[in-house]
Amino acid sequence: MHGSRGSVHPLHFTDEESFGLFVQGLRSLQQYEDAAATERPLKDELDRTMQSALRSFRDCTSRFSSDLLPFFYLGVTLSMKNQDAYVDRLVELTAELTAFGRSLAFEDEAKVLEIIPPRESDKTQREAKRDFAKKHAHEQKNFAQPFFDLAHRSWPLLEASSRLFQSLTDNPANPVPQDLQRVARYNLAQVLARRGSQEGKESSYLADALRAVEDQSLEDIAKLESDAKHKENKYREFSQLPKSVWKRNWPPAREKREQELKTLRREIRSIYETIALIFQFRALRETLKLRIAALDPGPSLALAAHAVESVKEEIQKTRLFDPSFKADLLADFLTKTGYAKYEFASNRHLQQYVATDHHTAKALKVVHTSSPNASFFMAQAATDLTMALELKEYWNPAQIYLALVRRIQAGMSEALSDLAKYDKASALADDVKEKARAEHDIEDSSAQESKAAQNKDSAEMKEFGSKKLKHLERLDEITARMGITSIKHDRQIADHDREAKRCANEADALFRSLRGFPSPAPASTQANPDSSVTAKPASDSSATSSGKPKAATG
Amino acid sequence: MSVTRYFYFALVAIVLAASAFAPAQSPRSSHKASAVTKPATASLAAQSATAALAAGTSSQPQALACPPKPCDSREQHTKLRGAQFESDNLRLASAAHQFSALTTSCDDGVRAEAEKGFDRLNAAMSTWWWLEGRYFPPLRWYHHPQFWHAVSRSLLVVAAVLFILSLLFYGADIRAFHLIRVVWTAVLDLTRIRDFWFVDRFPRAAIMTPTDLVTDTKSKLFASLLETSCTEVSHVLERAGGGLQVRATALLSLPSETTSQLVDSMPKIKGVDVASFVKFFLYLKRYLGWRVESEIGYCPPTKQPNGADSAPRVVASASLRRAFWVRGGPWQVKHEVQHSYDVDAVAFALAARIMGFSLRGRRAR
């Protein structure tokens with residue numbers, strides 16, 4: 001592919017057919033983005049536009065291998081298509097996701113029970129509870145195995161996408177312009193970063209991603225800001241109405257002035273874009289370092305966490321030309337940190353390390369909880385991702401990870417509910433036994449009383465009668481005590497169930513939105529004013545309008 | 001006598017009367033008639049004057065009493081030159097009239113010239129080109145003595161105009177006239193002039209009314225969409241570089257500088273020409289300038305061998321032309337659609353190819 005490019009100018013196209021296919025693909029991609037960025041995206045529309053974009057870019061790249069931009073956008077489109085495949089997989093594995101959440105919560109509980117020394121009185125009970133939590137954690141983890149396997153399976157679309165971005169970056173003699181090469185490098189790192197989420201083999205993806213962004217030299221922000229300021233001053237001066245009547249009214253002079261203003265505006269925007277791009281690079285670089293450091297927790301973890309935080313502060317502090325730049329940067333930053341925190345939730349080594357290292361705990365803002373556990377990091381991840389969605393509404397990456405986190409949180413709440421039920425059962429166990437004993441005693445007393453009545457022995461009758469009364473009082477007392485204990489536990493159970501339901505609903509709504517809603521039923525043919533209009537829908541739309549989940553293609 | 005004979009005699013009488021009196025009654029009717037009748041009239045007048053003298057009565061006693069005027073030779077020659085002038089300018093009828101009058105000139109030389117001139121004109125006015133030229137004047141122009149002179153000068157003017165126009169439109173492309181172009185560009189910045197007058201001041205390519213390939217085709221809608229799609233192509237590219245990130249993913253989009261370069265290189269396509277050409281200049285401009293010619297057809301669903309209906313399709317093609325040259329395309333696009341109004345995607349696909357032509361052009365240079 002590289003060899004065939006020769007000395008072709010990178011921004012030009014072989015012929016108008018190539019350009020036509022490229023722009024068609026770009027338009028379909030933008031239509032997909034527009035369709036996805038609505039409250040109720042239609043599945044048909046999403047499928048149609050995505051297929052159209054893929055078809056155009058694939059056609060273009062296969063027929064015109066020397067044109068660069070179609071390769072770049074094919075990489076972007078494949079990555080977006082992979083998002084769809086990933087969402088489909090997650091929806092298929094809803095039960096496993098929930099099980100993963102349950103296993104995390106049970107593990108949290110087991111860990112707490114292990115760490116906090118039990119009192120002598122309830123030692124056995126706590127050991128039993130710990131065993132219960134461990135056993136369930138193990139069971140749920142086994143059940144959630146297909147979800148863990150997602151990280152190990154191959155993702156052909158992501159692989160193809162990374163190959164395409166790689167082809168635009170790795171050859172030093174490649175005549176790809178610097179701007180395009182830099183953006184392709186970022187995208188390559190981003191794609192690789194999606195692959196690496198676990199320890200072991202997948203961590204090499206993170207290292208590759210970090211290498212891709214670290215190799216990229218970035219301009220000095222201070223110098224860029226000074227350039228921007230200089231150009232802005234020039235623009236301000238230039239945008240004043242000229243004093244000369246001639247320059248103000250002579251059309252060629254006016255046009256020339258407008259052209260120069262346009263060029264200045266473009267230059268200013270370009271500088272700020274470069275600044276924003278540098279922040280994107282830095283955000284990706286620092287979060288990658290943080291994720292890599294988290295795999296083997298040590299002193300570097302605190303440094304990485306501080307570096308990530310400093311990037312956020314700089315983004316907030318820096319003045320950017322377009323307000324949407326800042327929103328985009330922050331949303332992207334929060335999505336990255338949200339995803340990192342989601343990873344921390346299942347990283348027990350990290351949690352142990354943070355619990356013992358004050359600096360790291362402070363850097364990760366773990367101050368209010370003595371034990372940073374899965375629940376804590378999952379809640380933190382949810383907060384970051386929600387904030388990202390507030391900044392950039394209906395942004396698919398944030399939506400996907402938030403749906404994932406919410407589904408796991410639903411499982412965690414279910415596990416907490418189970419634990420509360422276990423506590424309730426444990427707390428009521430003695431009372432239940434005592435109640436049964438009291439009931440048995442009452443039955444005995446009643447039997448003896450009736451026997452005495454048959455014998456007409458009034459003394460015995462009185463004695464057994466008073467015993468029965470005592471037992472009844474005892475039973476009432478136990479029942480009352482059990483009621484009080486039950487209320488306390490029932491409230492906890494109800495809270496956890498409610499939370500589980502809320503998280504599950506939120507996750508389902510996000511998944512539904514990501515996959516698209518089925519199209520409304522077509523109107524009757526009478527509504528069509530033109531008889532020449534064919535009421536029959538196209539074959540592809542009729543196949544997908546049923547709203548059935550599509551088969552996973554990832 | 002039968003009625004037929006009466007009628008025959010009446011007709012012969014009318015013809016004789018007409019031949020005898022008509023020239024006298026309408027002397028301007030024809031140069032031949034006037035030429036023939038003038039001497040006859042003069043002889044009749046002489047005869048009537050002689051008869052009157054013989055009868056002892058005179059209708060014009062003063063005229064006869066006057067002594068004869070001396071012959072003014074100069075005046076006669078002036079009249080002859082006037083007749084000659086009329087003849088040279090191909091106003092033969094007037095010339096014949098004047099020559100006829102001069103055949104009774106008192107100057108012998110003038111009279112002889114007038115008779116010769118009259119005979120020459122008489123012969124000329126009897127030719128087929130003069131008779132047919134009454135209905136088709138260029139046949140008479142050909143016999144004008146200045147005909148070839150006028151033609152050569154007109155051709156020279158047309159050639160000069162065409163040369164200037166061709167320099168303005170095609171100067172940059174004519175490799176064979178490279179030297180001329182270099183010299184011309186040295187004197188005046190040709191590209192700037194051309195751009196100023198023909199690119200900036202006018203739409204660069206005009207979209208002509210599309211041809212309907214089949215009935216039920218929404219060609220006017222297609223033409224309108226073709227125009228808006230040309231603008232949309234620029235918007236799509238601008239949007240691609242407008243934001244920092246691709247909207248639906250965490251990947252970055254193209255830098256705005258990159259897309260701006262692409263947008264700047266787009267040609268200008270404006271105007272749907274649905275009216276007839278009424279102004280010559282506009283027609284010339286459109287013909288010599290860039291224009292988009294397109295055709296579109298809607299193919300309704302058809303039965304397939306398995307009995308199912310195939311999806312309806314829209315087939316369209318467009319080409320970019322300049323004068324009689326096809327400079328781009330023809331590009332063909334077909335799309336499966338839902339109904340005949342669904343021409344949006346086809347219009348955009350063609351517009352993208354039209355706009356892409358400029359990129360290829362730049363690349364070739």
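Residues numbered from 1 in each chain as written. Chains lettered and ligands numbered in written order. Predicted model: local features only at pLDDT ≥ 70, side-chain atom pairs only at ≥ 80, totals over all residues. Heavy atoms only, no water.

Colleague: Can you break down the overall build of chain A residue by residue, with the values?
Modeller: When helices and strands are tallied, chain A shows 21 helices and zero strands. Counting all 554 residues of chain A, 51% fall into the buried class. Within chain A, contacts between residues at least 6 apart in sequence are counted, and of these 78% link residues at least 24 apart. Just so you have it, chain A exposes about 26800 Å², and 53% of that area is on carbon and sulfur atoms. (Helix = DSSP H or I, 4+ residues; strand = E, 2+ residues; numbered from the N terminus. Buried < 20%, exposed > 50% of the residue type's maximum accessible area, 1.4 Å probe, protein only. Contact = heavy atoms within 4.5 Å. Areas by Shrake-Rupley, 256 points an atom, 1.4 Å probe, with all protein chains shown as cover.)

Colleague: Requested: an account of the overall build of chain B, with residues and values cited.
Modeller: Counting its secondary structure elements, chain B contains 15 helices and six strands. Relative to its 365 residues, chain B shows a buried fraction of 35%. Across chain B, contacts joining residues at least 24 apart in sequence account for 60% of those joining residues at least 6 apart. Accessible area for chain B stands at about 22100 Å²; split by element, carbon and sulfur atoms hold 62% of it.

Colleague: So, the pattern of salt bridges: which residues are in play, and what are the values?
Modeller: For the structure shown, the criterion picks out 45 salt bridges over all chains. Between K135 of chain A and E139 of chain A there is a salt bridge whose closest N-O contact spans 4.0 Å. Within this pair, K135 of chain A and its partner E139 of chain A are both found in helix α6 (residues 123-143), separated by four residues, close to a single helical turn. A salt bridge links E113 of chain B to K116 of chain B; the nearest nitrogen and oxygen atoms lie 3.8 Å apart. In this pair, E113 of chain B and K116 of chain B both sit in helix α6 (residues 108-124), three residues apart, roughly one turn of the helix. When its relative accessible area of 38% is taken as the criterion, E113 of chain B is described as partly exposed. One continuous salt-bridge network, built from bridges that share partners, spans E17, D59 and R63 of chain A together with R353 of chain B. (Salt bridge = Lys/Arg side-chain N within 4 Å of Asp/Glu carboxyl O.)

Colleague: I'd like a rundown of the packing of aromatic side chains, residues and numbers included.
Modeller: Within the structure shown, the criterion is met by 22 aromatic pairs over all chains. Where F72 of chain A meets Y73 of chain A, the ring centres are 5.3 Å apart and the plane angle is 85°; that geometry is what we call edge-to-face. Taken individually, F72 of chain A and Y73 of chain A each receive the classification buried, so the pair is uniform in this respect. Centre to centre, the rings of F100 of chain A and F147 of chain A are 5.4 Å apart; their planes meet at 40°, and the pair counts as tilted. Of this pair, F100 of chain A sits in helix α5 (residues 94-115) while F147 of chain A sits in helix α7 (residues 145-149); the two residues are 47 residues apart in sequence, bridging distant segments of the chain. The exposure class of F100 of chain A is buried, given its relative accessible area of 5%. Taken together through their ring pairs, the aromatic side chains of F13, F19, F22, F57, F72, Y73 and F165 of chain A make up a single cluster. Sitting over the ring of F348 of chain B, R27 of chain A keeps its end group 4.2 Å from the ring centre. Stacked on the ring of F517 of chain A, the Lys or Arg R40 of chain A has its end atom at 4.0 Å from the ring centre. (Phe/Tyr/Trp six-rings, centres within 6.5 Å; stacked < 30°, edge-to-face > 60°. Lys NZ or Arg CZ within 6 Å of the ring centre and 35° of its normal.)

Colleague: Which residues make up the confidence of the model for chain B, and what values do they have?
Modeller: All names here are of chain B. Here chain B averages 69 in pLDDT, while 55% of its residues score no lower than 70. Within the model, pLDDT remains below 50 along residues 197-203, and this stretch shows 16 contacts once partners closer than five positions in the same chain are excluded. Within the model, pLDDT remains below 50 along residues 273-278, and this stretch shows eight contacts once partners closer than five positions in the same chain are excluded. Interface scoring of the predicted complex returns ipTM 0.73; its pTM is 0.68. (pLDDT = per-residue confidence, 0-100.)

Colleague: How would you sum up the packing of helix α9 (residues 178-195) of chain A against helix α13 (residues 251-295) of chain A? Please name residues and give values.
Modeller: What describes two packed helices is the angle between their axes and the distance between those same axes. All names here are of chain A. Two elements in contact, α9 and α13, have axes separated by 11 Å at closest approach and are oriented at 25°. On the basis of their axis angle, the class for α9 and α13 is roughly parallel. The chirality of how α9 crosses α13 is left-handed. Seen from α9, the contacting residues are R182, Y186, A189, Q190 and A193; seen from α13, they are T274, L277, Q280, F281, L284, L288 and R291. Taken together, the residues that form the contact of α9 with α13 break down as seven nonpolar, three polar and two charged. (Axes fitted to C-alpha atoms, helices over the stretch in contact; angles between N-to-C directions. Parallel < 35°, antiparallel > 145°, perpendicular 65-115°, else oblique. Left-handed = near helix turned anticlockwise from the far one by under 90°. Nonpolar A, V, L, I, M, F, W, Y, C, P; charged D, E, K, R; others polar.)

Colleague: Break down helix α19 (residues 396-455) of chain A for me, with residues and values.
Modeller: All names here are of chain A. Spanning 60 residues, α19 covers 84 Å between terminal C-alpha atoms, matching the ideal 88 Å at 1.5 Å per step. Along α19, the largest kink reaches about 40° and is centred on A429. Where α19 terminates, the next one or two residues include K456, which has phi positive at roughly 60°. (Expected span 1.5 Å × (residues − 1). Bend = angle between axes of the 7 residues up to and from the residue.)

Colleague: Could you give an account of unusual backbone geometry, naming the residues involved and the relevant values?
Modeller: Its identity is not glycine, yet Y394 of chain A carries a phi of approximately 55°, on the positive side. Tracing the backbone through its elements, the reader meets Y394 of chain A in the loop between α18 (374-391) and α19. For L90 of chain B, which is not glycine, the phi dihedral falls at a positive 65°. In this fold, L90 of chain B is placed in the loop between α4 (73-88) and α5 (92-102). Relative accessible area serves as the criterion here: at 15%, L90 of chain B is assigned to the buried category.

Colleague: Residue-level account of the pairing of strand β5 (residues 313-322) of chain B, with values.
Modeller: Residues and elements named next belong to chain B. Of all the ten residues making up β5, seven are buried; the element is thus mostly covered by neighbouring parts of the structure. Relative to β5, strand β4 (residues 290-299) runs antiparallel, the two being bridged by ten bridges. Residue C299 lies in a different strand from β5, and its bridge partner there is R313. The antiparallel hairpin formed by β5 and strand β6 (residues 325-336) contains two residues in its connecting segment, where A323 sits at a positive phi of about 55°. (Pairing = 2+ DSSP bridges.)

Colleague: Lay out the side chain of R182 of chain A in plain terms, naming residues and giving numbers.
Modeller: Position of R182 of chain A relative to the elements: it lies in helix α9. Once you skip the residues sitting within four places of it in the chain, R182 of chain A turns out to touch Q216, S217, L218, E219, T274, L277 and F281 of chain A.

Colleague: Before we move on, can you summarise the side chain of K129 of chain A with the specific residues and values?
Modeller: Residues and elements named next belong to chain A. Positionally, K129 belongs in helix α6. On the basis of relative accessibility, which here comes to 11%, the residue K129 falls in the buried class. Discounting chain neighbours no more than four positions away, the residues touching K129 are E109, L113, L419, Y422 and D423.

Colleague: Residue-level account of the packing of helix α15 (residues 323-345) of chain A against α19 of chain A, with values.
Modeller: Residue and element names in this part refer to chain A. Where α15 meets α19, the closest approach of the two axes is 10 Å, and the angle between their N-to-C directions is 25°. As judged from the angle between their axes, α15 and α19 are roughly parallel. Of the two elements, α15 crosses α19, and the hand of that crossing is left-handed. Contact with α15, carried on its side by T335, Y339 and Y342, involves P397, A398, Y401, L404, V405 and I408 of α19 and no other residues of that element. In terms of residue class, the contact of α15 with α19 is made up of eight nonpolar, one polar and no charged.

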